[in-house]
Amino acid sequence: MAALTPSCAVVEALPMVDLATKILLDDKTRFLTTVSGVAFAVMLVIVQVGIFLGMLESASITIERLDADLWVTARNTPNIDFANTFPELYVHRVRSVPGVGRADNLIVWFVTVALPSGAKEAVIVYGLEDFRRWRFPWNVVSGDPADLRRGRYVFVDESAARRFGPFAVGDHREFLGLRLKIIGLTREARSFTTNPIAFLDYRVAQALAPLDLRRRTTYILVKLAPGADVEAVRAEIRRRLPYNDVRTGREWAARSRDYWVQNTGLGLSMYMTVFLGCLVGVVVVAQTSYTATIEHFKEFAIVKAIGGRNADIYRVIARQATTSAVVGFLVGVTLAHAIRPLLAALALRLVIPPMLIGDVLVGAIVLCLAASLISFRKIAGLDPAVVFRT
């Protein structure tokens, strides 16, 4: 009789797994409902967070692509798109700082473009004297950025077609009344606000808004000399330009992203959507798990009657929850990747890093296990004698 003790006779792992699978697949419609609820929650979380990451990437993509170690900005400039001006001659003070390899002025400015249809659209222009020196723009489809120095020419990102309508190299467009010839195309150059980005010569950029930009700039890009101490150089620039801010590229990118998160409600919107997605998943799993548990009350009573412990019962329920979580996760991830082309057609970039996939998988399993606790509480106080009642 000792062989029939609860510790070894009737609570082997295999029977527990078989019982979990039997209960899970006993009602395939209910199982599909559970998986669908988890999949919807997973897809919603991945898509929402992925779009959020894609938008944040656009908020700082130009900062990260420009080959600059330090950025000199006007005091309290909130992000790269909303630039303030200061005298362009400040660049000479920066160039004379020991440890500075090179420094150039950069203009970033919102302008309107007159379209052939008569409508007007906004575009953000980036003006530099030497684009090649700063490895910018980063994804050139056609044309040579060095040619921008020859006159009234412009590179336009392909994404502008969504706002501008069809255009091609060789076409002309009026930027704030100044007629510019399109001599090149870029890809992936789009701001957080989805406004396309255009690239032109520094002096041409100043000519677009002479009242605001004559003899003025919006940023100074700084590349350090080999071996230079970034903090020492930054401190000296701050001493020479006491009314300007000096930030590293990483700090400036983070500030530009944080501006949109904190000032537009984007972060709160993302968190609310993630919360609702998790809530839907938990409710569906809890409801279907509880229903399955009630319908299989007798099987659980038998397990307890022959010596099963509450821990063994919860192992069965947890196995069901984990299986539902993993299957639903796989379906949800597949759906999230499947709608990428649709989002791209809507000018929405979906970024799905591996870390996000791992976090969502762990979250799905944890939430499904938490939802299964409702079922376990019902079984924990189960009287095994119920199996002998008729």
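See the structure printed just above.
Residues numbered from 1 in each chain as written. Predicted model: local features only at pLDDT ≥ 70, side-chain atom pairs only at ≥ 80, totals over all residues. Heavy atoms only, no water.

Summed over the entire model, instances satisfying the criterion amount to two cavities of 30 Å³ or more. Approximately 40 Å³ is the volume found for the second largest cavity. Lining of the second largest cavity is provided by Ser58, Ala59, Ile61, Thr62, Ile80, Asp81, Tyr126, Arg190, Ser191 and Ile197. Counting residues per element, the lining of the second largest cavity draws most heavily on helix H2 (residues 28–65), at four residues. (1 Å grid on protein atoms, 1.4 Å probe; cavity = no way out; pocket = protein on both sides within 12 Å on 5 of 7 lines; lining within 4 Å. Points joined across faces, edges and corners; volume = space filled by probe spheres on them. Helix = DSSP H or I, 4+ residues; strand = E, 2+ residues; numbered from the N terminus.)

So, on to a nonpolar patch on the surface. A surface patch of nonpolar side chains, amounting to about 580 Å² of accessible area, comprises Leu268, Met272, Phe275, Leu276, Leu279 and Val283. Along the polypeptide, Leu276 turns up in helix H9 (residues 266–295). For Leu276, a relative accessible area of 44% corresponds to the partly exposed category. (Patch = residues over 30% accessible without salt bridge, like charges linked within 9 Å, V, L, I, M, F, W, Y side chains within 5 Å. Areas by Shrake-Rupley, 256 points an atom, 1.4 Å probe, with all protein chains shown as cover. Salt bridge = Lys/Arg side-chain N within 4 Å of Asp/Glu carboxyl O. Buried < 20%, exposed > 50% of the residue type's maximum accessible area, 1.4 Å probe, protein only.)

Within the element layout of this structure, Ala225 appears in the loop between strand S11 (219–224) and helix H7 (230–240). Taking the C-alpha atoms as reference points, Ala225 and Gly101, separated by 124 residues in sequence, lie 4.1 Å from one another. Beyond its immediate chain neighbours, meaning those up to four positions away, Ala225 contacts Gly99, Val100 and Gly101. (Contact = heavy atoms within 4.5 Å.)

Two elements in contact, H2 and helix H8 (residues 249–263), have axes whose closest approach is 9 Å; the angle formed by their N-to-C orientations is 140°. The two elements H2 and H8 cross, and the hand of that crossing is right-handed. Here Phe52, Leu56, Ala59, Ser60, Ile63 and Glu64 of H2 lie close against H8, whose contacting residues are Gly249, Trp252, Ala253, Ser256, Arg257, Trp260 and Val261. When grouped by side-chain class, the residues that make up the contact of H2 with H8 number eight nonpolar, three polar and two charged. (Axes fitted to C-alpha atoms, helices over the stretch in contact; angles between N-to-C directions. Left-handed = near helix turned anticlockwise from the far one by under 90°. Nonpolar A, V, L, I, M, F, W, Y, C, P; charged D, E, K, R; others polar.)

Counting across every chain of the model gives 20 salt bridges. In this structure, the salt-bridge partner of Glu88 is Arg203, at a minimum N-O distance of 3.3 Å. Remark: Arg203 occurs in helix H5 (residues 202–208) and Glu88 occurs in the loop between strand S2 (86–87) and helix H3 (90–95); sequence separation between them is 115 residues. Take Glu88: its relative accessible area is 11%, and that puts it in the buried class. Accessibility expressed as a relative area gives 43% for Arg203, which makes it partly exposed. The salt bridge partner of Glu251 is Arg234, with a shortest N-O separation of 2.5 Å.

To continue, consider the packing of aromatic side chains. Inspection of the entire model under this criterion finds 15 aromatic pairs. An angle of 80° between the planes, with centres 5.6 Å apart, marks the rings of Trp71 and Tyr219 as edge-to-face. One end of the pair, Trp71, is in strand S1 (residues 70–74); the other, Tyr219, is in strand S11, and 148 residues separate them in sequence. For Trp71, a relative accessible area of 0% puts it in the buried group. Centroid distance Phe86 to Tyr90: 5.9 Å. Interplanar angle 25°. Geometry classified as stacked. No difference in accessibility class separates Phe86 from Tyr90, as the two residues are buried. In this structure, Arg102 packs its charged tip against the face of Trp134, placed 4.5 Å from the ring centre. (Phe/Tyr/Trp six-rings, centres within 6.5 Å; stacked < 30°, edge-to-face > 60°. Lys NZ or Arg CZ within 6 Å of the ring centre and 35° of its normal.)

What follows concerns the environment of Tyr243. Looking at where Tyr243 falls in the secondary structure, it is placed in the loop between H7 and strand S12 (244–248). Residues Tyr243 and Phe86, spaced 157 residues apart in sequence, show a C-alpha to C-alpha distance of 9.6 Å.

Let us look at H7. Among the residues making up H7, those that are buried are Val233, Arg234 and Ile237. Viewed along the axis of H7, the buried residues span an arc of 100°, placing them on a single side of the element. Near the N-terminus of H7, the side chain that reaches the backbone nitrogen of Glu231, with its oxygen 2.9 Å away, is that of Asp229. (Arc of directions from axis to C-beta. Polar contact = N/O pair within 3.5 Å; in protein donor to acceptor, adjacent residues only side chain to side chain.)

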